[in-house]
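# Architecture and fold: a report
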Amino acid sequence: MRRAAIHSLAGTPPESQGLPIMLDPNALQQLRQLKTEIIESKDVGIGEVRGSQRRFGFVHLEDGREIFIAPDQMDRVFPGDKVRVNVVTDDNGKFKGELEKLIDSPLSRFTGRYLVRGQGHFVEPDLPRFNKLLFIPPSQRKNIKAGDLLHCQVTRHPWQDGKSQVKVISGLGAQDDTGVEGRYIQRKFELPWQWPKDWNADKDNYAEQRTDLRELPFVTIDSAETRDIDDALWAQATENGWTLKVAVADPGAYIQPGSPLDKAARERANTVYLPGFVQAMLPDQLSQEKCSLLPEADRPAMVCTMQISTDGAIDTIEFEQALIRSHAKLTYTEVNTHLQGEAQLAWDSLEPLKAVWQALRAQRQNNSLIMPEQPDFRYELDDSKRIASIQRVERNDAHRLVEECMLAANRSAAKWLKDQNAPAVYNSHAGLREDRLGSVNKLIAEQLPELGEIKPEQLADYVKLIRATEASESALPLQSIFARMLQPGTLSLEPLPHFGLGLEAYTTFTSPIRRYSDLLVQRAIRAKLMSEAAKLPNAEQIEKLQEHIRHTRQASRQMEQWLQYQYLAKQDAEQVYQGRIAHLNGGGFTVELNDTGINGFVEARGIPEKLSFDADSLRLSNDNKNFQLEQTVNVKVAELDPFAGKLLFTLVEEA
């Protein structure tokens, strides 16, 4: 049909003289137009490949559509690839995609597990929704064995013929090797483990600007094993209340903006505390020695001085660069016994600190928000760096005292910087997610009608809402429900509201040894004190820093979960655990075990009678059963794979 059409367009019969067909300019133009129309009539889109639990997949197009990709097509791509697809309609009238072009494939290095299937040798990539096995050629199999954990790199993409290949960068060890979890997480999340060779931090660059406060009897309150100590406290009573000084370690004294060490700290973003393994933001020579506020050692510090009235209001705020000397390293345990009157410590400032803490907390209770406390869990590790036991640790008054003083100093930093119109980095919390406002307003109307026309997306009204939940007699755990509907906190170059704390503005500068954003805030304070321009990141760099922070938190959570699941695997398979429902969706609910903090999932389909999910009240129910946030349930382990991060619980009915 195409050839006949061409002849018709040219006006020349095909049999003429047996010569090649010659097309005049008009016919060529018509052919070009026809080709353009054919191309334009095709439904072509560009998007990202997304995998599934099976062999098929999808392409998420830039226009928002999800296009089905058949298994034979998925064999040619990786999840995450950017591709161009032709969208066609199959015999059933459903859309599906035909791959036309590979635009970009971001997958390069990854971690996984070495598998042998018959005569084939493969790596099973540890990637979300990635169910392909990638071929390991014979030359790459030296010194590794089936089951080993690997760090690999893609050397052949499957686009042409569906066949992929990798090289082994390093074998990380067998799954039962000591410390393999830390090595694996470090490679998987590409956490930097080397320091620049040319970093130098020999001298305090601001020594001449410091006030000598070494005679003031600052003390530190921390865990007994803590070495990277970044804050010290001192307080005394005054006629109108108290003077509170919070001295914070000053690593910025040694780290110049843009230096090799500064770039390395920015790349790490924060210190990652993994069980038996610490990924520090700064070298030990700084974080545990030169900058750490160790007892009986002279240290540079940024000091915040607050005059606090008897009602807990912070009346005046001053900052200064100082030289301090911690007079004692106290532990939470011994300070708590002092606060409870069970023992007496010799430090005079502890009683004023106790009074300041109580006044500050009462003021926050009346004017902002205090969120419910969550327990901590302490891990005892064995010689293999795996969890031997888990101890639930309830927070005591010493923890609360230190936390309140840090909050006061950080609130003061935000107010001081904002009032001075000084460029800085702030911690913001934008409040409720827009897509959940409908659910929030529905719950308010049903459960808290006395709030009337409240607008929970506004800070003042949100504070009223949370306070109302504390006094509510509703059967629903309203405060927990609303907490699940909040947006995550972010860094900002503007003093935006912090809904989680109920504050108009908030920042943190009290952990500069462990958090790069705190180091940036210290620089902003120093720049204002010295009447200099602050050297701060731009908005794009702040977003990149935020992404680094999310990345390291994910690494920490995965490492902790891996070790938790290994610990659980050693327990009696029939043991029954008590826990609380920590989250719900249409597929089931997450249960957090009370004694260990371990989280696992209960699938709704495993419960005999079908459950309906109420997204407003976060509840799964049917005529006979009801599962609600914060509800206590009994469970036992149904399925457990520590390496894959999979833990399924089954419910145990009470006798």
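The chain has the name exoribonuclease II in an unreviewed UniProt entry, where Spongiibacter pelagi is given as its organism. The record held by UniProt for the chain lists under Catalytic activity (unreviewed entry) the comment "Exonucleolytic cleavage in the 3'- to 5'-direction to yield nucleoside 5'-phosphates." Reading the Subcellular location (unreviewed entry) entry of the UniProt record for the chain gives the comment "Cytoplasm".

## Digging into the packing of aromatic side chains
Within the structure shown, the criterion is met by 12 aromatic pairs. For the pair F56 and F68, a centre-to-centre distance of 5.6 Å together with 40 degrees between the ring planes defines the contact as tilted. On the criterion of sequence distance, the pair formed by F56 in the loop between β1 (43–50) and β2 (57–61) and F68 in strand β3 (residues 66–69) is long-range, its members being 12 residues apart. On the basis of relative accessible area, F68 is assigned to the partly exposed category, the value being 31%. For the ring pair F319 and F509, a centre distance of 5.6 Å and an interplane angle of 70 degrees mean the geometry is edge-to-face. You can see F319 sitting in strand β18 (residues 314–325) and its partner F509 sitting in the loop between β23 (490–492) and α13 (516–529), a full 190 residues away along the chain. Comparing F319 with F509 shows no difference in burial state: the two are buried. Within the aromatic cluster, the residues linked to one another by ring pairs are F56, F58 and F68.

## Examining the sheet that holds strand β27 (residues 612–614)
One open sheet holds the three strands; their spatial order is β27-β28-β29, and the pairing between them is antiparallel. Where the open sheet ends on each side, the last strands, each with one partner, are β27 and β29 (626–628). Averaged over all pairs of adjacent strands, the angle between strand axes in this sheet comes to 15 degrees, irrespective of strand direction.

## Here we look at the sheet that holds β18
The mixed open sheet is built from five strands, whose spatial order is β11-β18-β17-β14-β13. Bordering the open sheet on either side are β11 (211–212) and β13 (231–238), each of which pairs with just one other strand. Here two bridges tie β11 to β18, and the two strands are oriented parallel to one another. Across the sheet, D212 pairs through a bridge with L323, a residue of β18. Where α13 meets the sheet, it contacts β14 (241–249), β17 (298–309) and β18, and its direction lies at approximately 95 degrees from that of β18.

## Things to note about the pairing of strand β20 (residues 376–381)
Across six bridges, the pairing between β20 and strand β21 (residues 387–393) is antiparallel. In the sheet register, Y379 faces β21, and the bridge partner there is I390. Counting the residues in the hairpin turn of β20 and β21 gives five residues, including K385, whose phi is positive at 65 degrees.

## Here's the deal with the state of the cysteines
All told, the structure shown has zero disulfides when counted by the stated rule. C304 carries a free sulfur, and the closest cysteine sulfur to it, the one in C405, is 11 Å from it. Relative accessible area serves as the criterion here: at 0%, C304 is assigned to the buried category.

## Description of the packing of helix α4 (residues 180–188) against helix α14 (residues 539–569)
The description of two helices packed together rests on the angle between their axes and the distance between the axes. Interhelical geometry of α4 versus α14 gives an angle of 150 degrees and a closest axis separation of 10 Å. Considered as vectors, α4 and α14 are oriented roughly antiparallel to each other. Between α4 and α14 lies a crossing whose hand is right-handed. Touching E181, G182, Y184, I185 and K188 of α4 are A555, Q558, M559, W562, L563 and Q566, all from α14.

What counts and what doesn't
All residue numbers refer to position in the chain's written sequence, counted from 1. Only residues with pLDDT of at least 70 get local features here, since the model is predicted, and only at 80 or more are side-chain atom pairs given and counted; chain-wide, interface and lining totals rely on the full set of residues. Computation of side-chain values: all heavy atoms of the structure, hydrogens and water removed. UniProt positions are given in the numbering used here, feature names are shortened, and annotations may be inferred rather than shown by experiment. Note on aromatic contacts: the rings of Phe and Tyr and the six-membered ring of Trp form a pair at centre separations within 6.5 Å, being stacked when their planes are under 30 degrees apart, edge-to-face when over 60 apart, and tilted otherwise. In this description a helix means any DSSP run of H or I spanning at least four residues, a strand means any run of E spanning at least two, and both kinds are numbered starting from the N terminus. When accessible area is computed with a 1.4 Å probe and restricted to protein chains, residues below 20% of their type maximum are described as buried, those above 50% as exposed, and intermediate ones as partly exposed. A pair of strands counts as paired when DSSP detects no fewer than two bridges linking them. Each axis is a line fitted through C-alpha atoms, and for a helix only the stretch in contact is used; angles between axes span 0 to 180 degrees, taken between their N-to-C directions. Residues are treated as being in contact if the distance between any of their heavy atoms lies within 4.5 Å. Disulfide assignment relies on a single distance test, namely cysteine sulfur atoms paired within 2.5 Å. The labels follow the angle: roughly parallel below 35 degrees, roughly antiparallel above 145, roughly perpendicular from 65 to 115, and oblique for the rest. Take the far helix as your reference; a near helix turned counterclockwise from it by less than a right angle gives a left-handed crossing, and one turned clockwise gives a right-handed crossing.

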